[in-house]
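If you want the building blocks of each chain, they are given just below.
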Amino acid sequence: MSEVKLTVNGREVSRDVEDRTLLVSFLREELGLTGTHVGCDTSQCGACTVHVDGKAVKSCTVFAVQMDGASVTTIEGLASGATLHPMQEAFRNNHGLQCGFCTPGMIMMGVDIVKRHPEGLDDTTIRKELEGNICRCTGYHNIVKAISAAAKEMSTPAMAAE
Amino acid sequence: MYATNYAKATSLEDAVAKLQAAEDGKFLGGGQTLIATMKQRLAAPSDVIDVTKIPELKGITVDADTVTIGAATIHSEVASSKEIAAAIPALSGLAGTIGDPAVRNMGTMGGVLANNDPAADYPAAAMALDAVIHTSKGSYPATEYFTGMFETALDDDEIITKITYQIPLKAAYEKFRNPASRYSLCSVFVAVLKNGEPRVAVTGSGNDGVFRVGAMEEALKSNFAPEAVTGIAVDPETMLADIHGSAEYRAHLVSVLAGRAVAKAG
């Protein structure tokens, strides 16, 4: 057992966990943050994507203890109050989901992609960047549309000033 | 996953001491292979010792002839480093093809080289760019470091600290992926070193892991053109074979991809 202290969605948390506890299990089972999903459990599907210190990682393939001292953001931490994050809003407006299982990971990766491409995003780049996130319903078309729309929204001066 | 103990090493000495004290310890880099393997119970170390916070394993240095990269450097850092892109664009380009964006935010160069997966990308760059693998005990030229599939010259308690690559006159990496797993089915790194020596290194296909193709290197000395290598065949006996591709198929890919890499290097 080890004590893990980290910041999750802006809140400091500390728990004693088994060393083998994966970050995704820590989030879901210790903190009750079940928005982060376990799809494949083999680090291929990306449903478990969260941000660690601002970077997308697959939370099913890191130990919670590895993240000691880190700042983690999950899908639950994106919206501000009742206002959805532009990426969430874009997924809703563009019908970027069907069953919704992959959606938390898609949205977290979408935010990461937009952050890494301040120069703007074309659809080919979005599809390439999504290679670690698998959706078995949509055929990706509306997911790509949603990320593209969010990228434009997130780069507008009003958002940048916030 | 079986139970394990996790410890963060603060220095090389601390990491080695912790490993030696463990019953069956393993060094942990970014964990993108080791943790996945542990989840499948294909590995069950009693202890994992995280080496990624050790200062000696950090940093990127570029001088006139070489690029030196700390072993704990994650793939996304290599892929986005302006210094590396200016010195060896083929190397930063290669880093951007490893795994996927989230995997690249955790996986480390040292971890890849210590694991020596037969489909890993960095071993091809290390062989073609005449790299030196620096460790807690000394250093190895890449040609002596890779000793077989998942086998290296490292002792169990030896840690890779840095990797020094020669800046080539030109280089290119041509990656042919398995369309499902996205791992290399066959990939070829071609370089011309500053002394004029051409190098051709192949990953993903050899049944002993990464290898150089001497006949292609010889042919490129007198004629650095795709047609110099596309007619040179490698022995299917030395190739991996599985449901994704036969040995003959992979052998054929080596010639095709070597030609493409030479064309890309220009």
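Residues numbered from 1 in each chain as written. Chains lettered and ligands numbered in written order. Predicted model: local features only at pLDDT ≥ 70, side-chain atom pairs only at ≥ 80, totals over all residues. Heavy atoms only, no water.

What follows is about the overall build of chain A. Within chain A, the secondary structure is distributed over six helices and five strands. Ordered by position from N to C terminus, the α and β elements of chain A give β-β-α-β-β-β-α-α-α-α-α. For chain A, whose C-alpha radius of gyration is 16 Å, the value lies close to the compact-globule estimate of 15 Å for 162 residues. Here chain A holds 162 residues, and the buried ones make up 52% of them. Residue pairs in contact within chain A that sit at least 24 positions apart in sequence constitute 56% of those at least 6 positions apart. Of the roughly 7500 Å² of accessible surface on chain A, a fraction of 49% belongs to carbon and sulfur atoms. When the 15 basic and 20 acidic side-chain charges of chain A are each reduced to a single mean position, those positions are 5 Å apart. (Helix = DSSP H or I, 4+ residues; strand = E, 2+ residues; numbered from the N terminus. Rg over C-alpha atoms; globule rule 2.2 N^0.38 Å. Buried < 20%, exposed > 50% of the residue type's maximum accessible area, 1.4 Å probe, protein only. Contact = heavy atoms within 4.5 Å. Areas by Shrake-Rupley, 256 points an atom, 1.4 Å probe, with all protein chains shown as cover. Lys, Arg positive; Asp, Glu negative; His and termini not counted. Charge placed at Lys NZ, Arg CZ, Asp CG, Glu CD.)

Before going further, it helps to examine the interface of chain B and chain A. The interface of chain B with chain A comprises 30 residues on the first partner and 25 residues on the second. Interface area for chain B against chain A, summed over the two sides, is near 2100 Å², with a carbon-plus-sulfur share of 56%. Among the residues of chain B in contact with chain A, Tyr6, Lys39 and Pro101 of chain B are the three that bury the most area, contributing 25% of the side total. Here chain B is connected to chain A by four salt bridges. A salt bridge links Arg182 of chain B to Glu131 of chain A; the shortest N-O distance between them is 3.2 Å. Scanning the region where chain B abuts chain A turns up eight residue pairs in polar contact (both at pLDDT 80 or more). Of all the secondary-structure elements, those providing two or more residues to the side of chain B that touches chain A are strand E1 (5–8), helix H2 (34–39), strand E3 (47–50) and helix H6 (101–104) of chain B. For the side of chain B that touches chain A, the per-class residue count stands at 14 nonpolar, nine polar and seven charged. (Buried area = accessible area lost by both parts, 1.4 Å probe. Salt bridge = Lys/Arg side-chain N within 4 Å of Asp/Glu carboxyl O. Polar contact = N/O pair within 3.5 Å; in protein donor to acceptor, adjacent residues only side chain to side chain. Nonpolar A, V, L, I, M, F, W, Y, C, P; charged D, E, K, R; others polar.)

This part takes up the domain arrangement of chain B. All names here are of chain B. According to the domain assignment, chain B consists of domain 1 (5–50), domain 2 (59–166) and domain 3 (170–265). In this complex, domain 2 contributes 22 residues to the contact, which on the side of domain 3 involves 24 residues. Taken over both partners, the interface formed by domain 2 and domain 3 buries close to 1800 Å², and the fraction arising from carbon and sulfur atoms is 64%. Applying the counting criterion to the domain 2 and domain 3 interface returns three salt bridges. The interface formed by domain 2 and domain 3 contains twelve residue pairs in polar contact (both at pLDDT 80 or more). The leading source of residues in the side of domain 2 that touches domain 3 is helix H8 (residues 122–128), at five residues. When grouped by side-chain class, the residues that make up the side of domain 2 that touches domain 3 number 15 nonpolar, four polar and three charged. (Domains from an automatic or database assignment.)

Residues and elements named next belong to chain A. Partitioning chain A into structural domains gives domain 1 (2–77) and domain 2 (86–157). Here the C-alpha centre of domain 2 lies 21 Å away from the C-alpha centre of domain 1. Domain 1 puts 17 residues into the contact, and the matching count from domain 2 is 14 residues. Between domain 1 and domain 2, roughly 1200 Å² of surface is buried when both sides are summed, and carbon and sulfur atoms account for 61% of that area. When the area that domain 1 buries against domain 2 is broken down by residue, the three leading residues are His37, His51 and Ile75, summing to 40%. At the boundary of domain 1 and domain 2, one finds zero salt bridges. Across the contact surface, domain 1 and domain 2 share eight residue pairs in polar contact (both at pLDDT 80 or more). When residues of the side of domain 1 that touches domain 2 are traced back to their parent elements, those giving at least two are strand E3 (49–52) and strand E4 (55–58).

Before going further, it helps to spend a moment on the sheet that holds strand E6 (residues 132–135) of chain B. All names here are of chain B. If you walk across this open sheet you meet the five strands as E4-E5-E10-E6-E7, and the pairing is antiparallel. Among the strands making up the open sheet, the edge pair consists of strand E4 (60–62) and strand E7 (139–141). Looking at each pair of strands side by side, their axes are set apart by 15° on average, direction ignored. (Pairing = 2+ DSSP bridges. Axes fitted to C-alpha atoms, helices over the stretch in contact; angles between N-to-C directions.)

Let us now look at helix H10 (residues 214–222) of chain B. All names here are of chain B. Listed in full, the buried residues belonging to H10 are Met216, Glu217 and Leu220. End-on view of H10: buried residues confined to an arc of 100°, all on one side of the axis. Among the exposed residues of H10, those oriented more than 90 degrees off its buried face are Lys221 and Ser222. (Arc of directions from axis to C-beta.)

Once that is clear, we can look at the UniProt feature "domain: FAD-binding PCMH-type" (unreviewed entry) in chain B. In the numbering used here, UniProt assigns the "domain: FAD-binding PCMH-type" (unreviewed entry) feature to residues 1–170 of chain B. In this annotation, residues 1–170 of chain B is assigned 34% helix and 24% strand; the end-to-end C-alpha distance for the span is 45 Å. (UniProt positions renumbered as here; feature names shortened; annotations may be inferred.)

Residues and elements named next belong to chain B. Spatial ordering of the open sheet is given by E1-E3-E2, a layout of three strands whose pairing is parallel. This sheet does not close on itself; its edge strands, each paired only once, are E1 and strand E2 (25–28). Put simply, the sheet's adjacent strands are angled 25° from each other on average, direction ignored. Of the strand pairs in this sheet, E2 and E3 are connected by four bridges, and their pairing is parallel. Residue Lys26 lies in a different strand from E3, and its bridge partner there is Val48.

All names here are of chain B. Relative to the helices and strands, Glu217 is located in helix H10. Among residues more than four places away in sequence, those in contact with Glu217 are Pro198, Arg199, Val200 and Arg212. A polar side-chain atom of Glu217 sits 2.9 Å from a polar atom in the side chain of Arg212.

Looking now at the packing of aromatic side chains. All names here are of chain B. Applying the stated rule across the entire model yields four aromatic pairs over all chains. On the basis of an interplanar angle of 55° and a centroid distance of 6.0 Å, the ring pair of Tyr140 and Tyr145 is categorised as tilted. Under the relative-accessibility criterion, Tyr140 is labelled buried at 19%. Of the residues examined, Tyr145 reaches a relative accessible area of 0% and is grouped as buried. Above the plane of the ring of Tyr2 lies Arg41, whose end atom (NZ or CZ) is 4.0 Å from the centre. (Phe/Tyr/Trp six-rings, centres within 6.5 Å; stacked < 30°, edge-to-face > 60°. Lys NZ or Arg CZ within 6 Å of the ring centre and 35° of its normal.)

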